[in-house]
Amino acid sequence: MDIFHHIFFGLGVALQPVNLLFCFTGVLIGTLVGVLPGLGPVAAISLLLPATFRAPPVASIIMLSGIYYGAMYGGSTTSILVNIPGEAASVVTCFDGYQMARKGRAGPALGIAAFASFIAGTLAVVGLAFMAPPLAAMALKFGPPEYFSLMVLGLTVLTFLAGGSMLKSLMMACFGVVIGNVGLDLITARPRFTFGLDILLDGVGLVPVVMGLFGISEVLLNVEEKLSERKIFKTKFKGLLPNLQDWKESIWPILRGSGLGFFLGILPGGGAVISSFVSYGMEKKLSKHPEEFGKGAIAGVAGPEAANNSATAGAFIPLLTLGLPSNAVMAILLGALMIYNMPPGPRLITSHPDLFWGVITSMYIGNLMLLILNLPLIGIWVKILKVPYPVLFPLILLFCLIGAYSLNNNPVEIGLMLLFGVLGYLMKKFKYDGAPLVLAMVLGPLMDNSLRQSLLMSGGSGTIFFTRPICLVILGVVALILLLPVLPLISRIRKTVEKTEEN
Amino acid sequence: MRNTDQSSGLFWLVVGIGIAISSLKYGFGTLHEPGPGFITFFAGAILIILSLSLFLSSFRDQKTQVSLQTLWAGLETGKILYVIVLLVAYTFLLKSLGFLISTFFLLFLLFRVKGTYRLKSIFLMSLLVTVGSYIIFEIWLKAQLPKGVLGF
């Protein structure tokens, strides 16, 4: 079988000592940021991105991916023990995980979370290995009009799935497109939106924007909160291994969660977060004892934990096959691949097989490392949780400051980061989602390019998007998604019109 | 502006108008040969439409709206401003004071924002973190942190 040949090739790459080391570092940092509230995987990856510029590209991507799925593991620990989700995808784990801990079953809750994540991660990696190559082969037939429509679809799905108001998410996507196009126009070599600043000629860097929007803003939000004591359970972690009954109740939720997460992960927009919520809802509906949910049902921990992990693997599919990121983390990885001069897209699998198969198999190895890291070392992670926030937040800020400065050894990058930090803080206050902005920012230049190329191809006729069948289908889906929220509004207006007519 | 959607809608409306006007200045081009401001003009124009509809719809369902004051009610807003001022000052002073001095002072002040520790322990913590981060980033990762006018 061809696929096994590829997987063995990938294992050969992933098992090289340097890659093993980077993988280990990645999952370790990932677990750490997952455990620490107020520092998510997005901020952590963008923080470490500049540090990887001097390392081999494959090892760097392996490490950055490790941070991503490692954070999913670590996030569950804080959810279960302190009822504070370490990152957004573990919010659901609080519902039943914390209740289990209160009943003295913190051990099995942590155990099943780790096992569920491991099983889901493994299944998803296998799915990724099977699905990506045929998809990439299909994508080779895509031209600029198809790519442009796909990006529009990606942004639309994202705004539809992302939390909060779709209107606001669309607004952020528009703003992101503009931010992404700041700098010299590649075709005419004229500056756009640079405000006379030389540093903006190269465009606004992704790292300061992301660190500001997701790192600094989070710190600012926490600083204004009045501090409350975090209560950590003083249970001894005897018996982390779930018993036979636990397994019976969890195994199907884990398998269902894995499948669900994987496919939701492929779609753009908060895959891990959404899939954990959907899995929880699904398990509650399917359960014979739905009344136990919210009171410490182990299935309510197992399903969502599996879902959020397989979603992280699923998210790699659009990035590695189409070159289109489906969430903020993937957007940063896209930026990283561009910097390493390995533009992701349908040709990546054939042109850089070591990167593609190496990263995929490293995720499998990383999952194994996480299992070993998390179960026996749980005591250490609990200790880290006890670092008080007044001490923690200056450290987070310092990391961001150094990270931004060392991009170009220029304080202007820090200023940019602070600007986006304040913007991110206000956006959170006014309930605007940051993810569409980042995604659109990365896609902005690509969209600009493919749109202009399409128009050049067609000789200035916009009909090119409606005469090519694949384009037409994609844009049809876009129209459908955009109209969905408007439909209830139309029917409401109709009703009021009818009423007034009757009167 | 009584509620959040009105004020933020208005803000983005202004931003959208700014984007659209400057895009036209950069050159819209033609459909045959789109100019540098082509896509940003559309992004700005859509932003204008969307923010207008946000602004207008906030008048329709008044009940679901959050007023501006409640956003900051019961929170320590002063601390936010203080932290931002510290960070901005750090940005401006970093080059002239150098990494070691400016970082030490920043940490010393930041540790006091939320904590109630004794000055001695704050002093030690700041010193420890400054030296530690210097070792990690400057010596180990060779990040070339600024030296400042004093030469260290």
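Conventions used here
- Residues numbered from 1 in each chain as written.
- Chains lettered and ligands numbered in written order.
- Predicted model: local features only at pLDDT ≥ 70, side-chain atom pairs only at ≥ 80, totals over all residues.
- Heavy atoms only, no water.
- Helix = DSSP H or I, 4+ residues; strand = E, 2+ residues; numbered from the N terminus.
- Rg over C-alpha atoms; globule rule 2.2 N^0.38 Å.
- Buried < 20%, exposed > 50% of the residue type's maximum accessible area, 1.4 Å probe, protein only.
- Contact = heavy atoms within 4.5 Å.
- Lys, Arg positive; Asp, Glu negative; His and termini not counted.
- Charge placed at Lys NZ, Arg CZ, Asp CG, Glu CD.
- Expected span 1.5 Å × (residues − 1).
- Salt bridge = Lys/Arg side-chain N within 4 Å of Asp/Glu carboxyl O.
- Phe/Tyr/Trp six-rings, centres within 6.5 Å; stacked < 30°, edge-to-face > 60°.
- Lys NZ or Arg CZ within 6 Å of the ring centre and 35° of its normal.
- Core = buried A, V, L, I, M, F, W, Y, C linked by side-chain atoms within 4.5 Å.
- Buried area = accessible area lost by both parts, 1.4 Å probe.
- Polar contact = N/O pair within 3.5 Å; in protein donor to acceptor, adjacent residues only side chain to side chain.
- Nonpolar A, V, L, I, M, F, W, Y, C, P; charged D, E, K, R; others polar.
- pLDDT = per-residue confidence, 0-100.
- Bend = angle between axes of the 7 residues up to and from the residue.
- Axes fitted to C-alpha atoms, helices over the stretch in contact; angles between N-to-C directions.
- Disulfide = S-S within 2.5 Å.

Draft legend 1. Summary view of the overall build of chain A. From N to C terminus, chain A includes 23 helices and two strands. In terms of overall size, chain A behaves like a compact globule, its C-alpha atoms giving a radius of gyration of 23 Å where 503 residues would be expected to give roughly 23 Å. C-alpha atoms of chain A, sized along the principal axes, occupy 70 × 70 × 55 Å. Out of the 503 residues belonging to chain A, those deemed buried represent 60%. Taking the intrachain contacts of chain A between residues at least 6 apart in sequence as the baseline, contacts between residues at least 24 apart amount to 79%. Averaged over its 32 positive side-chain charges, chain A has a centre that lies 7 Å from the centre of its 24 negative ones.

Draft legend 2. Summary view of the overall build of chain B. Secondary structure summary: chain B contains six helices and zero strands in total. Element order for chain B, N to C, with α for helix and β for strand: α-α-α-α-α-α. Relative to the globule expectation of 15 Å for 152 residues, the C-alpha radius of gyration of chain B, 24 Å, shows a markedly less compact shape. Seen through its C-alpha atoms, chain B measures out along the principal axes to roughly 60 × 50 × 25 Å. Counting every position in chain B, which comprises 152 residues, the buried fraction comes to 41%. Contacts in chain B between residues far apart in sequence, at least 24 positions, make up 59% of those at least 6 positions apart. Charge centroids of chain B, computed over 12 positive and 5 negative side chains, lie 15 Å from each other.

Draft legend 3. Up close: helix α6 (residues 119–140) of chain B. Here α6(B) spans 30 Å end to end across 22 residues, near enough to the 32 Å set by a 1.5 Å rise per residue. Turning to α6(B), the residues buried within the fold contact α18 (389–408) of chain A together with α5 (99–114) of chain B.

Draft legend 4. Region of interest: the pattern of salt bridges. All told, the structure shown has 10 salt bridges over all chains when counted by the stated rule. Between Asp5(B) and Lys168(A) there is a salt bridge, with its nearest N and O atoms 2.9 Å apart. With one member in each of two chains, Asp5(B) in helix α1 (residues 4–26) and Lys168(A) in helix α8 (residues 166–180) form a pair that bridges those chains. Using a relative accessible area of 12% as the deciding quantity, one classes Asp5(B) as buried. A salt bridge links Arg452(A) to Asp448(A), with the shortest nitrogen-to-oxygen separation between them at 3.1 Å. With Arg452(A) and Asp448(A) both in helix α20 (residues 435–458) and four residues apart, this pair spans about one turn of that helix.

Draft legend 5. Representation of the packing of aromatic side chains within the structure. Residue and element names in this part refer to chain A. For the coordinates displayed, the defined rule picks out 24 aromatic pairs over all chains. Arranged with centres 6.1 Å apart and planes meeting at 75°, the rings of Phe142 and Tyr147 form a pair that is edge-to-face. On the basis of an interplanar angle of 90° and a centroid distance of 4.9 Å, the ring pair of Phe356 and Trp357 is categorised as edge-to-face. Taking relative accessible area as the criterion, Phe356 reaches 0% and is therefore assigned buried. On the basis of relative accessibility, which here comes to 1%, the residue Trp357 falls in the buried class. The cationic tip of Lys168 hangs over the ring face of Tyr432; the distance from NZ or CZ to the ring centre is 5.0 Å.

Draft legend 6. Representation of the nonpolar core. By size, the foremost hydrophobic cluster in this structure holds 196 residues, and its most contacted members are Val204(A), Met417(A), Met447(A) and Trp12(B). Trp12(B) has contacts with Met171(A), Met172(A), Phe175(A), Leu423(A), Tyr432(A), Leu47(B) and Ser51(B), leaving out every residue within four places of it along the chain. Counting residues in hydrophobic clusters, the runner-up holds five residues, among them Val92(A), Tyr280(A), Phe293(A) and Ala297(A).

Draft legend 7. The interface of chain A and chain B, seen in detail. With 60 residues of chain A in contact, the opposing surface of chain B contributes 65 residues. In total, about 5,500 Å² of surface goes out of reach between chain A and chain B, with carbon and sulfur atoms giving 75% of it. Our enumeration of links across chain A and chain B arrives at one salt bridge. On inspection of chain A and its partner chain B, the count reaches eight residue pairs in polar contact (both at pLDDT 80 or more). Looking at which element gives the most residues to the side of chain A that touches chain B, the answer is α18(A), with 12 residues. Residue composition of the side of chain A that touches chain B, grouped by class: 39 nonpolar, nine polar and 12 charged.

Draft legend 8. Region of interest: the side chain of Ser102(B). Here Ser102(B) shows up in helix α5. Given a relative accessible area of 6%, Ser102(B) falls into the buried group.

Draft legend 9. Examining the confidence of the model for chain B more closely. Residue and element names in this part refer to chain B. Confidence in the prediction for chain B averages 85 pLDDT; 95% of positions are at 70 or higher. Ranking the elements of chain B by mean pLDDT puts helix α3 (residues 68–71) last with 78 and helix α4 (residues 77–97) first with 91. Scoring of the predicted complex yields 0.81 for pTM and 0.91 for ipTM.

Draft legend 10. Seen up close, helix α4 (residues 57–82) of chain A. Residues and elements named next belong to chain A. Its 26 residues give α4 an end-to-end C-alpha distance of 37 Å, which sits within 8% of 38 Å, the value for a rise of 1.5 Å per residue. The sharpest bend along α4 reaches about 25° and sits at Ala71. With 25 of 26 residues buried, α4 lies mostly within the body of the structure. Looking at the residues trailing α4, positive phi occurs at Asn83, about 65°.

Draft legend 11. A look at the packing of helix α5 (residues 91–102) of chain A against helix α6 (residues 106–139) of chain A. For the pair α5(A) and α6(A), the least separation of the axes is 7 Å and the interaxial angle reads 145°. Here Gly97(A), Met100(A) and Ala101(A) of α5(A) come into contact with α6(A), specifically with Ala106(A), Pro108(A) and Ala109(A).

Draft legend 12. Fine view of the confidence of the model for chain A. Taken residue by residue, chain A gives an average pLDDT of 83. The fraction at 70 or more is 93%. In the model of chain A, helix α23 (residues 486–502) of chain A stands out as the element of lowest mean pLDDT, 69, in contrast to helix α19 (residues 411–429) of chain A, which has the highest, 92.

Draft legend 13. Just the side chain of Glu413(A), in detail. Among the structural elements, Glu413(A) can be located in helix α19. Within the buried set, Glu413(A) has no salt-bridge partner at all; the shortest N-O distance to an opposite charge, 12 Å, is to Lys95(B). Apart from residues no more than four positions distant in its own chain, Glu413(A) is found in contact with Ile199(A), Pro208(A), Ala404(A), Leu407(A) and Asn408(A).

Draft legend 14. Structural detail: the state of the cysteines. Residues and elements named next belong to chain A. Summed over all chains, the structure comprises zero disulfides over all chains. With no disulfide partner, Cys174 has as its closest neighbouring cysteine sulfur the one in Cys471, 20 Å distant. The class of Cys174 is buried, set by a relative accessible area of 9%.

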